[in-house]
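Summary of the model geometry
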Amino acid sequence: MSRRNQLSALVVLLTTGLVIYYLVNELSGRGKQLEAALKVLDWRFLLIAFSMMILSLILEAFATHALLSKQDRSDTSFGTLMRVPLMNQLGVGLTPFATGGQPAQLYGLTRGNIPASRALSVILMKFLVYQVVVVLFFIVGYFAADHFIYENVNPAFATFTPFAIAIHAVVIIGILLVMFWPTLSLKVVDMGAKLVSGFYKGDSISTFKKRSEEKIRSFHEESKRVIRSTRSLSIATVYTGLQLIALYVVPYFVIRAFGYSTVNPWLIIAMNIMIVMVISLFPIPGGVGGAEISFQLLFTPFVKNPATLVLVILIWRLITYYFGLFAGILAYVIPTKEQKEGHHA
C-alpha cells in the first residue's frame, strides 16, 4: 500500500473513531430506548438490506460486462468482472472526493489481461453512464421530496444540492472532453514531454511520448466503439439504474428491521439519493462523518427513537461502506483467474 493510501486509511480510521464516539455518546442515558429498539429487531430485513448491497455490486459488474468488446467479454472471467465493483469500493472509500474509484477499477480490469487503453475507455464510459444516471435520479428524487425536505429537514442541507449538481456536471463534461477530444490529450502529453525534457535527457522521453500517443489513439478508437454501440450503452444504463436502486433501498430495509412498518419507501429512497449526491462534496475519504450527519438530518423525521436512529446509521454504514472496504481489500489481495493461469503457463 502506498504512503498516500496509508494516510487515507489512517484518516478513515480516525474519523470513523470520532463518528462512533459521537454516535455512542448519543446513546448515553438512553438504555431503555436501546433495549426497546433491540426487542423489535427483525434480522430478516437486515439480511434483505445486505442482499441489496450484494445485488448492487453484481449489477455493477454486469454494467462493466455490457461495455466490453465481444472479444474481451469472452476472455474475461466473472471473477474479474466482480473484482471491478469491489476495487471501486476500495478506491472510493480510501480517497478524498472518491477520486480513486476509476484508477482502482482500471487496475482490476488490467489484472484480467485487458489492455490498459481499452480498459480505461470502458471504465470512463461506465463512469459517465453512472454520473448521468445519478444526476437523473437526483433530479427526480429532489422534485419528489422537496416539500418534505424543507418542512421536516434542516433547510441548510438543501443549500448543498446546487454545489453537488455543479460538481457532477463538471465531471461529466471533463469525461466527455477526455474521451472524444484526442487533440486535447495529445497536447497535454506534448506539453508534459517538453516540461520533463528539461530534467531528463536521452531517448527515454521521446519513447515515452511515442508510446503515450499510441495508447491515446487506441483509447479514443475504443471510446468511439463504445459510443457507437447503442445497445451496449443502453444495457449498461439499465444495469446502472438497477444498481443504484438496489443501493438506495438499503436504508429502507434497515429502518423496517426496527419495526417501522409504515415508512414511505419512496421518501426513504429520495432521501438516500440526496445523501449519495451530497457526499461527493466532502473531502474526507468515504465521506466519513458527512454521510452520518447527513443521514441523521434526513432520517430523523422517519425514526423518532434517537437510540434506534444511531443503530440504523451504524448498520447502514457497515453494509454500504465498511463491507465494501473489506471486500475491496480481499479483491486486491486475491489473484485473478487470468493471473493464476499466467503463472502456470
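Keep in mind the model is a prediction, meaning the values are calculated, not measured. (Residues numbered from 1 in each chain as written. Predicted model: local features only at pLDDT ≥ 70, side-chain atom pairs only at ≥ 80, totals over all residues. Heavy atoms only, no water.)

Points about the overall build of the protein chain
Looking only at helices and strands, the protein chain has 16 helices and 0 strands in total. Total accessible area on the protein chain is roughly 17700 Å²; 69% of this is exposed by carbon and sulfur atoms. (Helix = DSSP H or I, 4+ residues; strand = E, 2+ residues; numbered from the N terminus. Areas by Shrake-Rupley, 256 points an atom, 1.4 Å probe, with all protein chains shown as cover.)

Some details on helix H14 (residues 290-299)
Residues separated by three or four positions in an α-helix point in the same direction, a consequence of the helix having 3.6 residues per turn. Counting buried positions along H14 gives 8 out of 10 residues, so the element sits mostly inside the fold. Within the span of H14, buried status applies to Gly290, Ala291, Glu292, Ser294, Phe295, Gln296, Leu298 and Phe299. (Buried < 20%, exposed > 50% of the residue type's maximum accessible area, 1.4 Å probe, protein only.)

What to know about the packing of aromatic side chains
According to the stated counting rule, one finds 12 aromatic pairs in the structure shown. Considering the side-chain rings of Tyr252 and Phe253, the 5.2 Å spacing of their centres and the 70° angle between planes classify their relative orientation as edge-to-face. Accessibility assignment for this pair places Tyr252 and Phe253 in one class, buried. Against the face of Trp316 rests Arg317, its NZ or CZ located 5.6 Å from the ring centre. A cation over an aromatic ring shows up here: Arg317 above the ring of Tyr321, its NZ or CZ 4.5 Å from the ring centre. (Phe/Tyr/Trp six-rings, centres within 6.5 Å; stacked < 30°, edge-to-face > 60°. Lys NZ or Arg CZ within 6 Å of the ring centre and 35° of its normal.)

Some remarks on the nonpolar core
Within the largest apolar cluster, 82 residues are counted, with the highest numbers of intra-cluster contacts made by Val254, Phe258, Met271, Phe295, Phe299 and Phe302. The element best represented in this core is helix H7 (residues 116-152), accounting for 16 residues. Beyond its immediate chain neighbours, meaning those up to four positions away, Phe258 contacts Ala37, Val40, Leu41, Thr308, Leu311, Val312 and Ile315. (Core = buried A, V, L, I, M, F, W, Y, C linked by side-chain atoms within 4.5 Å. Contact = heavy atoms within 4.5 Å.)

A look at the environment of Tyr321
Within the fold, Tyr321 resides in helix H15 (residues 306-333). Sequence separation between Tyr321 and Met53 is 268 residues, and the spatial gap between their C-alpha atoms is 9.8 Å.

Let's talk about helix H5 (residues 78-94)
When the terminal C-alpha atoms of H5 are compared, their 25 Å separation across 17 residues agrees well with the 24 Å that a helix rising 1.5 Å per residue should span. Burial analysis of H5 places 14 of its 17 residues in the buried class, which makes it a mostly covered element. (Expected span 1.5 Å × (residues − 1).)

Some points on the side chain of Gln243
Relative to the assigned elements, Gln243 resides in helix H11 (residues 230-248). With near-sequence residues (within four places) excluded, Gln243 lies in contact with Ser56, Leu59, Glu60 and Tyr130.

Topic: the packing of H5 against H15
Running from N to C, H5 and H15 point in directions that differ by 120°, and their axes come no closer than 7 Å. Seen along the crossing, H5 lies across H15 with a hand that is left-handed. In this structure, H5 contributes Arg83, Leu86, Met87, Gln89, Leu90, Gly93 and Leu94 to the contact, and H15 contributes Thr320, Tyr321, Gly324, Leu325, Ala327, Gly328, Ile329, Ala331 and Tyr332. Considering only residue class, the contact of H5 with H15 consists of 10 nonpolar, 5 polar and 1 charged. (Axes fitted to C-alpha atoms, helices over the stretch in contact; angles between N-to-C directions. Left-handed = near helix turned anticlockwise from the far one by under 90°. Nonpolar A, V, L, I, M, F, W, Y, C, P; charged D, E, K, R; others polar.)

Considerations on a nonpolar patch on the surface
Residues Tyr107, Phe326, Ile329, Leu330, Tyr332, Val333 and Ile334 make up a contiguous nonpolar surface patch of about 710 Å² in total accessible area. A per-element tally of the nonpolar patch places H15 first, with 5 residues. By the element assignment, Tyr332 lies in helix H15. (Patch = residues over 30% accessible without salt bridge, like charges linked within 9 Å, V, L, I, M, F, W, Y side chains within 5 Å. Salt bridge = Lys/Arg side-chain N within 4 Å of Asp/Glu carboxyl O.)

What to know about unusual backbone geometry
Its identity is not glycine, yet Asn113 carries a phi of approximately 70°, on the positive side. By the element assignment, Asn113 lies in the loop between helix H6 (101-110) and H7.

Examining the packing of helix H3 (residues 43-67) against H7
Close contact between H3 and H7 brings their axes to 10 Å; oriented N to C, the two are set at 125°. Taken together, the axis directions place H3 and H7 in an arrangement best described as oblique. Between H3 and H7 lies a crossing whose hand is right-handed. Where H3 approaches H7, its residues Glu60, Thr64 and Leu67 are matched on the opposing element by Val122, Met125 and Lys126. Its residues assigned to classes, the contact of H3 with H7 shows 3 nonpolar, 1 polar and 2 charged. (Parallel < 35°, antiparallel > 145°, perpendicular 65-115°, else oblique.)

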